[in-house]
Amino acid sequence: MTSFRRTTLGLGVALLVMGLAAPLLPKWALFLVTIAIAKGMVALGLLLLMRTGLVSFGQGLYFAAGAYAAGVGSQALDLGDAVPMVLLGGLTAAAVAAGLGLLLARYRAIFFAMLSLAFSMILYGLLVKTSALGSTDGFNVAARTVFGLPIGSTLGRYGVYALAALCAFGAAVGLDRYLGSYLGRLAPAVRDNELRVEYMGASVRNLVHLNLVIAAAMAGVGGALTALAVGHIDPEMAYWTTSGEFVFVAILSGTASVAAPFAGAVLLELLRSFAYEHAPNTWQLVMGSAMLAVILFLPEGLWSIFRRRRRAAT
Amino acid sequence: MSPILESRGLTKTFGAVTAARDISLSIEEDTVVGLIGGNGAGKTTFLNLVTGYLKPTAGTVRFQGRDITGMAPRRITRLGICRSFQIPQVFDTLTAYENLLVGLGIVSMGRKAFVGSNLGTARPEAVADEMLERFHLREYRDEPASVLPEGVRKLLDIAMALAVKPAILLLDEPTSGVSADEKFSLMDLVLGAIRADKVTVLFVEHDMDIVRRYTQRILAFYDGKVIADGDSATVLSNPEVRRLVVGEPAPEEGAAPC
Ligand SMILES: Nc1ncnc2c1ncn2[C@@H]1O[C@H](COP(=O)(O)OP(=O)(O)OP(=O)(O)O)[C@@H](O)[C@H]1O
Ligand SMILES: [Mg+2]
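Thresholds, definitions, all that
Residues numbered from 1 in each chain as written. Chains lettered and ligands numbered in written order. Predicted model: local features only at pLDDT ≥ 70, side-chain atom pairs only at ≥ 80, totals over all residues. Heavy atoms only, no water. Helix = DSSP H or I, 4+ residues; strand = E, 2+ residues; numbered from the N terminus. Rg over C-alpha atoms; globule rule 2.2 N^0.38 Å. Buried < 20%, exposed > 50% of the residue type's maximum accessible area, 1.4 Å probe, protein only. Contact = heavy atoms within 4.5 Å. Lys, Arg positive; Asp, Glu negative; His and termini not counted. Charge placed at Lys NZ, Arg CZ, Asp CG, Glu CD. Donors = N, O, S within 2.8 Å, 3.2 Å for Na, K, Ca; no water. Near = heavy atom within 4 Å. Polar contact = N/O pair within 3.5 Å; in protein donor to acceptor, adjacent residues only side chain to side chain. Nonpolar A, V, L, I, M, F, W, Y, C, P; charged D, E, K, R; others polar. Pairing = 2+ DSSP bridges. Axes fitted to C-alpha atoms, helices over the stretch in contact; angles between N-to-C directions. Core = buried A, V, L, I, M, F, W, Y, C linked by side-chain atoms within 4.5 Å. Domains from an automatic or database assignment. Buried area = accessible area lost by both parts, 1.4 Å probe. Salt bridge = Lys/Arg side-chain N within 4 Å of Asp/Glu carboxyl O.

Moving on, we come to the overall build of chain A. If you tally the helices and strands in chain A, you get 13 helices and four strands. What you see for chain A is a C-alpha radius of gyration of 19 Å, in line with the 20 Å of a compact globule of 314 residues. By principal-axis analysis of the C-alpha atoms, chain A measures approximately 55 × 45 × 40 Å. Counting the 314 residues in chain A, one finds 51% classified as buried. Look at the contacts in chain A between residues 6 or more apart in sequence, and 78% of them connect residues 24 or more apart. In chain A, 21 side chains carry a positive charge and 13 a negative one; their mean positions are 11 Å apart.

Here's what the structure looks like:
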């Protein structure tokens, strides 16, 4: 069995389990998993960037762009259903990255990280100043239905959960396929040695640009899903702490598997809600310690536990 | 015979250092040419200028009659000028097989952009394995490049350059880092693999026995200038070449990254 088929099968089983488990989950858990999947989408984009040798501290930009596009689109274009809103979110974020990528794709390492951070802070500043979009308060998302189900109802919550799960499945399978293609295989090659990639006849800048757009589209979908699950949008989504959290998830998860960012995001949300409940004043301390532990003991991320075990088994 | 590669007045300065001074030479099709010169003579700089990594301060480079001065390396590669590197430029975290697949994958995605390819109608995966076989790299197939011995990395670097079917292959010190008794077999292997296709070869070399054995013609560089250019025996017996190039203690790798 090829690794692509194995991954698809694994993700398919996960999707099935999620579907079967849904009726058993309490309301808070349903919400937690939905949000985690939405954030996992952003981290999945970061996985692609990290495989290309880049770390972006500004994915909040595309996350917010996707959320605002979904929110504004629902009002301006009178999109009542969640599905076109999510599509709009992904496309808008991709379009933003296509533009910014003209500049971003020229930079590497800390310059790339800082430039992406700078762009996200500009968007944050703009959103805070735009009263038509609710300034710091943001605004409520006016989605009415998801797959035809009324969104505020219990069934609607399952609908958003299912939509998130399907998006995640599609994105993870798609990215896995991409990473195994000749084009996708250039990502680690660029990370290792850009000069040689150019000497093999390919354009490093175009490849980086393309990967930026893919990562942004995923972040945009994640933003739109978050907007739908929460029912509200505010500029905080573009703030640097939000971007930092995505990097946190990506590092926690590791880049070994396309499933890892979702597992990492769920774990992070669980950790955060427990830490918040049991240590409301020092929960950041708990999170920081968790991060430290991962970096010290599992430098390749949580997913490397599975890998090590598999290696030991063969 | 017509020249496949031609440089006119090629000059490159780095601040106060002149690494190439007014280099004018031409290389005929279907020949094997040696490029000799002491450390810092400007050999690598010449390859960097020809392949577009460096922009010349002055002068032009023509390939098959076409002006390619200042073109980006990727475009020059697509035209059929390929090179290997003095310090192997491989993808360290990828296996030997994956290293070859990168270049072959690029060629297979852009068949129309490349003038020639060694892919034909075959799948890149099959060609990668075949190349590993041909270059005696099979036992290293699934090893990450970072752990391979220097000589093997050197060979892999050369094999990677052959994903594209070159019209001319430029080899920068193919035998440096390879043990003395393996140098000849390496050159037999590389030249055997590519000369069957009548590929023109220009190779930089410090070992005069290798140069004598494999070339018909030699270019000798000194201080960024061509000081001798002619058939191998004549150049190697040229007194200036003997004094300035051959007489030097055997040099090893320089510090330049490529
Ligand atoms: N990028 C650079 N910046 C500044 N100086 C350079 C650069 N590249 C080469 N030089 C200088 O140009 C001169 C020629 O260097 P080059 O690498 O072409 O020599 P070489 O003939 O290949 O020598 P070696 O046998 O050591 O490889 C040297 O003096 C070198 O220091
Ligand atoms: Mg050199």
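Read on for the rest.
Moving on: the coordination of the magnesium ion (ligand 2). Residue and element names in this part refer to chain B. At this site the magnesium ion (ligand 2) is bound by Thr44 (OG1) and Gln86 (OE1), with donor distances of 1.9 to 2.2 Å. Of this pair, threonine 44 sits in helix H1 (residues 43-50) while glutamine 86 is found in the loop between strand S6 (81-83) and helix H3 (96-109), placing the two residues 42 residues apart along the sequence. Considered together, threonine 44 and glutamine 86 belong to a single accessibility category, that of buried residues.

Further remarks concern the site of ligand 1. Residue and element names in this part refer to chain B. Around ligand 1, the surrounding shell holds 15 residues, and the nearest of these are Asn39, Lys43, Thr44, Thr45 and Gln86. Taking asparagine 39, its side chain carries an N or O atom lying 2.8 Å from an oxygen atom of ligand 1. At 2.7 Å from an oxygen atom of ligand 1 is found a side-chain nitrogen or oxygen belonging to lysine 43. Listing elements by their share of the shell around ligand 1, those giving two or more residues are strand S2 (17-28) and H1. In terms of residues, the shell around ligand 1 owes the most to one element, H1, which gives three residues. Of the residues belonging to the shell around ligand 1, the class tally is four nonpolar, nine polar and two charged.

Time to look at the sheet that holds strand S4 (residues 58-63) of chain B. All names here are of chain B. Strands sit in the order S2-S1-S4-S5 across an open sheet of four strands; the sheet is antiparallel. For this open sheet the edge positions go to S2 and strand S5 (66-67), each flanked by a neighbour on one side alone. For S4 and S5, the ladder comprises two bridges, and the chain directions are antiparallel. Bridge pairing links phenylalanine 63 to arginine 66 in S5. Here H1 sits on the sheet and contacts strand S1 (3-14), S2 and S4; the angle it forms with S1, its principal contact strand, is near 115°.

Take the nonpolar core next. Counting residues in each nonpolar core, the largest one holds 136 residues, and the members touching the most others are Tyr62, Leu175 and Leu228 of chain A together with Leu100, Phe135 and Leu156 of chain B. Here the element with the most residues in this core is helix H9 (residues 204-230) of chain A; it accounts for 14 residues. Looking at which domains feed residues into this core, each of domain 1 (1-76 + 197-258) and domain 2 (81-165) of chain B gives three or more. Listed in part, the 28 residues of the second largest apolar core include Leu25, Val50, Leu54 and Val61 of chain B.

A few words on the interface of chain B and chain A. With 31 residues of chain B at the contact, the number on the chain A side is 18 residues. Summing both partners gives a buried area of about 2100 Å² for chain B against chain A, and 63% of it is carried by carbon and sulfur. At the boundary of chain B and chain A, one finds two salt bridges. Among the ionic pairs, glutamate 198 of chain A bridges to arginine 74 of chain B, the shortest N-O distance being 2.7 Å. Run the count over chain B and chain A and you get 12 residue pairs in polar contact (both at pLDDT 80 or more). Of all elements in the fold, only helix H2 (73-79), H3, helix H4 (124-134) and helix H5 (150-161) of chain B reach the threshold of two or more residues within the side of chain B that touches chain A. Per-element tally for the side of chain B that touches chain A: the top contributor is H3 of chain B, with eight residues. Looking at side-chain class alone, the side of chain B that touches chain A contains 16 nonpolar, eight polar and seven charged residues.

Once that is clear, we can look at the pairing of strand S8 (residues 200-204) of chain B. All names here are of chain B. Where burial is concerned, most of S8 is hidden: five out of the five residues are buried. Side chains Thr200, Leu202 and Val204 of S8 all project onto a buried face; the interleaved residues Val201 and Phe203 project onto the opposite face, where all are buried too. Alignment of strand S3 (residues 32-36) against S8, held across four bridges, turns out to be parallel. When the sheet's bridge partners are listed, glycine 34 is paired in S8 with phenylalanine 203. Of the pairings in the sheet, the one linking strand S7 (residues 168-172) to S8 comprises five bridges and is parallel in character.

The next thing to look at is the domain arrangement of chain B. The assigned domain composition of chain B is domain 1 (1-76 + 197-258) and domain 2 (81-165). Distance between the C-alpha centres of domain 1 of chain B and domain 2 of chain B: 25 Å.

On to the pattern of salt bridges, then. Enumeration according to the criterion identifies 23 salt bridges over all chains in this entry. Of the charged contacts, one joins arginine 213 of chain B and aspartate 188 of chain B as a salt bridge, the two residues approaching to 3.9 Å between their closest N and O atoms. Note that arginine 213 of chain B is positioned in helix H7 (residues 208-214) and aspartate 188 of chain B in helix H6 (residues 183-195), a separation of 25 residues in sequence. Among the residues examined, aspartate 188 of chain B registers a relative accessible area of 39% and is labelled partly exposed. Residue arginine 212 of chain B pairs with aspartate 209 of chain B through a salt bridge whose shortest N-O separation is 3.3 Å. Within this pair, arginine 212 of chain B and its partner aspartate 209 of chain B are both found in helix H7, separated by three residues, close to a single helical turn. For aspartate 209 of chain B, a relative accessible area of 45% gives the class partly exposed. Bridged by salt links that share partners, the residues Lys39, Glu245, Glu269 and Arg272 of chain A form one connected network.

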